Amino acid sequence: MHVPQSDQSPRLSVSINSTTEAGPSSLILDKASRSNGFTNGNGLMMPMANGSTKGSSPVGNGVSKHSSIARVSLPGSTLYEDPYVDRQEFVRLVIQSLRDVGYIESAATLEAESGYSLETPEVSEFRQYILNAEWSSAEALLPRLVADENFLWEALFLIGKQKYLELLEARKTTTALQVLREQLAPLSANSSDQLHTLSSLIMCSDTQDLHRRALWDGASSVSRQALLADLQQFIPSTAMIPQRRFATLLTQARHYQRERCIYHNAPMDPSSFSLFGDHHCDKEGFPRVTTTILHAHTDEVWNVAWSHDGLRLASASKDKTAIIWRFSLDGHPRDRECVAEFTLRDHPYPVGALAWSLDDSILLTSADNLIVLWDTKTGKRITTVDSHEETVSALVWLPDDSGFMSASLDRKVVAWDASGKQADEWPGIPVRVTDMAVSPDMTRLVVIGMGYQSTASSSDRLSTRGTSQESPPNAVGTGNGAQPSSEHCIVIYDFKAKALELSIPTEGELTSVKISCDSRFAMINHAPDAIHLFDLNDGRLARKFIGQHQRQHVIRSCFGGVDDNFVVSGSEDRNVYVWHRATGILLEVLPGHGHGSVNCIAWNPRNERMFASCSDDCTIRIWEPLPLPSETSAPGSSTLGVLVNTKGKGRVESSWDNGSLDEEV
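Residues numbered from 1 in each chain as written. Predicted model: local features only at pLDDT ≥ 70, side-chain atom pairs only at ≥ 80, totals over all residues. Heavy atoms only, no water.

Concerning the overall build of the chain
- Along the backbone of the chain there are 11 helices and 30 strands.
- The buried share of the chain, reckoned over its 665 residues, is 53%.
- A separation threshold of at least 6 residues defines the contact pool for the chain, and within that pool the share at least 24 residues apart is 55%.
- About 29,800 Å² of surface is accessible on the chain, with carbon and sulfur atoms providing 50% of the total. (Helix = DSSP H or I, 4+ residues; strand = E, 2+ residues; numbered from the N terminus. Buried < 20%, exposed > 50% of the residue type's maximum accessible area, 1.4 Å probe, protein only. Contact = heavy atoms within 4.5 Å. Areas by Shrake-Rupley, 256 points an atom, 1.4 Å probe, with all protein chains shown as cover.)

Concerning the UniProt feature "repeat: WD" (unreviewed entry) in the chain
- Mapped onto this numbering, the UniProt entry gives "repeat: WD" (unreviewed entry) at residues 294-325, 344-384, 385-417 and 598-624.
- For residues 294-325, the end-to-end C-alpha separation is 9 Å, with 0% helix and 56% strand making up the annotated structure. (UniProt positions renumbered as here; feature names shortened; annotations may be inferred.)

Section: the packing of helix 4 (residues 121-131) against helix 10 (residues 223-231)
- At a minimum axis separation of 9 Å, helix 4 and helix 10 run at an interaxial angle of 140°. On the basis of their axis angle, the class for helix 4 and helix 10 is oblique. The interaxial crossing formed by helix 4 with helix 10 has right-handed handedness. Along the contact surface, helix 4 presents Phe126, Arg127, Ile130 and Leu131, while helix 10 presents Arg224, Gln225, Leu227, Leu228 and Leu231.
- The residue inventory of the contact of helix 4 with helix 10, partitioned by class, reads six nonpolar, one polar and two charged. (Axes fitted to C-alpha atoms, helices over the stretch in contact; angles between N-to-C directions. Parallel < 35°, antiparallel > 145°, perpendicular 65-115°, else oblique. Left-handed = near helix turned anticlockwise from the far one by under 90°. Nonpolar A, V, L, I, M, F, W, Y, C, P; charged D, E, K, R; others polar.)

A look at the packing of aromatic side chains
- In total, this model carries 15 aromatic pairs according to the counting rule given.
- Relative to Phe327, the ring of Trp306 lies with its centre 5.3 Å away and its plane at 45°, an arrangement referred to as tilted. A residue pair is termed long-range when its members are at least 10 positions apart, and Trp306 in strand 2 (residues 301-306) and Phe327 in strand 4 (residues 322-327) qualify at 21 residues.
- In this structure Trp306 comes out as buried when scored by relative accessible area, which is 8%.
- One aromatic cluster is present, formed by Tyr263, Phe286, Phe566, Trp603, Phe611 and Trp623 through successive ring pairs. (Phe/Tyr/Trp six-rings, centres within 6.5 Å; stacked < 30°, edge-to-face > 60°.)

Concerning a nonpolar patch on the surface
- Together, Leu250, Leu275 and Phe276 give the surface a local cluster of nonpolar side chains, amounting to about 410 Å² of exposed area.
- With respect to the element layout, Leu250 can be found in helix 11 (residues 245-260). (Patch = residues over 30% accessible without salt bridge, like charges linked within 9 Å, V, L, I, M, F, W, Y side chains within 5 Å. Salt bridge = Lys/Arg side-chain N within 4 Å of Asp/Glu carboxyl O.)

Considering the sheet that holds strand 19 (residues 521-526)
- The four strands are arranged 18-19-20-21 in an open sheet whose pairing can be described as antiparallel. In this open sheet, the two edge strands, each paired with only one partner strand, are strand 18 (510-515) and strand 21 (540-546). Across this sheet, the average inter-strand angle for adjacent strands is 20°, counted without regard to direction.
- With six bridges connecting them, strand 19 and strand 20 (residues 530-535) associate as antiparallel partners. (Pairing = 2+ DSSP bridges.)

Remarks on the pattern of salt bridges
- Under the definition given, this model contains 19 salt bridges.
- Here Arg520 ties to Asp535 by a salt bridge, and the two come within 2.7 Å at their closest N and O atoms. In this pair, Arg520 is assigned in the loop between strand 18 and strand 19 and Asp535 in strand 20, connecting sequence segments 15 residues apart.
- Classification of Asp535 as buried rests on a relative accessible area of 2%.
- Through salt bridges with shared partners, a single network forms among Arg520, Asp535, Asp538 and Arg540.

Let's talk about the state of the cysteines
- Going through the model one piece at a time under the given rule, you end up with zero disulfides.
- The cysteine Cys281 is free of any disulfide, with Cys261 supplying the nearest cysteine sulfur at 3.9 Å. (Disulfide = S-S within 2.5 Å.)

Structural notes on unusual backbone geometry
- Following Ala527, the chain continues into Pro528 via a peptide bond in cis, with omega recorded as 5°.
- With a phi angle near 50°, Arg244 is a residue other than glycine that sits in the positive phi range.
- Considering the arrangement of structural elements, one finds Arg244 in the loop between helix 10 and helix 11.
- Among the residues examined, Arg244 registers a relative accessible area of 41% and is labelled partly exposed.
- Although it is not a glycine, Ser519 adopts a positive phi angle of roughly 65°.

So this is what it looks like as structure tokens:
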């Protein structure tokens, strides 16, 4: 591989038979720099250390010019006949991409043949100066690259900050103080907090302490590459192409195709996305068929929750029991073992809320104002917590595994350790809590509920489901001795600071809240007949999902599928409703449950092609894709037959008749 020593070096020809080492262009160019004084040009975040050989001369665009390659002259300036894609931009991106993946000579050949340079000599010089820590030269060249004076000051501050940190790391404290006073202080006149933070770094005890407190990886790592990426925002992209720009465009194309694929439920990998064709997920791969019906409860089933390993399902019922079901998910559903492993009976009232510990060793259940901790290996009760004064409406095991939280109609949100000992209590909850959720990143707590008045009323119950002792877990009510106001509310807190971020009053009753896996969206069941998706970052309503029926009962919806692409809800009309989250399109209305409301949906966390639903018909249904015709029948059996599995304590039925058994009354 031939690399010129400077801008005055003679043009060299490429050898077709020459062999170059495949791999990231940064590694190859770094090898070249050691012998030729050459540094890498525009490219990707590099796995090598910062900088290159000191004193090397920057070379134009970082690729050799080939005198034997004839330049090709093409008519027009756009790619193909597309008026929106500039040919020069496209070719420059191809040159960058070839170098990124290691095809250095191919990139040089294309540059010579097209006549398009990857970047100007000034940009190459600037990149060289940053990588080699030639700060004065970089600062002198920067005004020629950044036209806006405000942007210039910000860019100069970033360079000065890198210089300051490297001096501190090298224990050159006196010089670092000089940079802080003479360069950073004037540039940070409107940001005294940042200047104060930087000045405090002088007191760092050692290099590791500096890296930790400054959130900086050091001069010998890739911090200068990161600095170049930060400076990129101030330099026109036509002059300095953003790193890995082609890869960014391909990622955007994948996301666009995924959003247009309304049944998308596959991980983003080469097997599901190909550059040779548009992505499409077949509807037949979506879980819309009942493969198993679980019978064991003797009354309405109000709640279901999967264990984190996806192998067990907990169900809560009005019959004052909770059941832990164990699944064998290997193989075909027809051959699956599914048993009621434990029936948890020590509840004096109907069971409402459920939550699994992160290691699935503990199951939390609630019955009226009580919380019970269960050992899921033995089915034995560990302890009972009696702290709330009214019905416990929500249980959440914390994402950091420090314990769990409970919320109640008594306007209390309480934090507990893993053993059931109270650790903390959130003050001033303004609503009678009907549900709550903690974001996976533990930055927010979202509480929903109804307004509160202290005056008792004989007509204080909003739902007629159950008696005074049995109604709270699955009824929208106010409990004893209190009257609801007309105002219902969504309350969003900063989790760590326990500070109120936003309070949103609503007209209708709120019964369930779930937060998406990316911690950005809260999905809230909003009676009557709507599910609202709130953007927690922007504090606004992002979308409504309409179609299901909800007037007086508690319906617990959920996100589902890969990347939470779906919103799934039960309904008072006995059906399960599925929407595409990004567009709000109603995809499926799934029948099958008997009379009464479908109360809760839970998506299996380890199997994106399976979810469970529970109903007033006393059953739980497992939903999966329709088995292929070749898989639905064994030799000598009918494809429409029903397999009854009597293993375990509960009755299990598996169905292959287009997804559902005959409706049960």
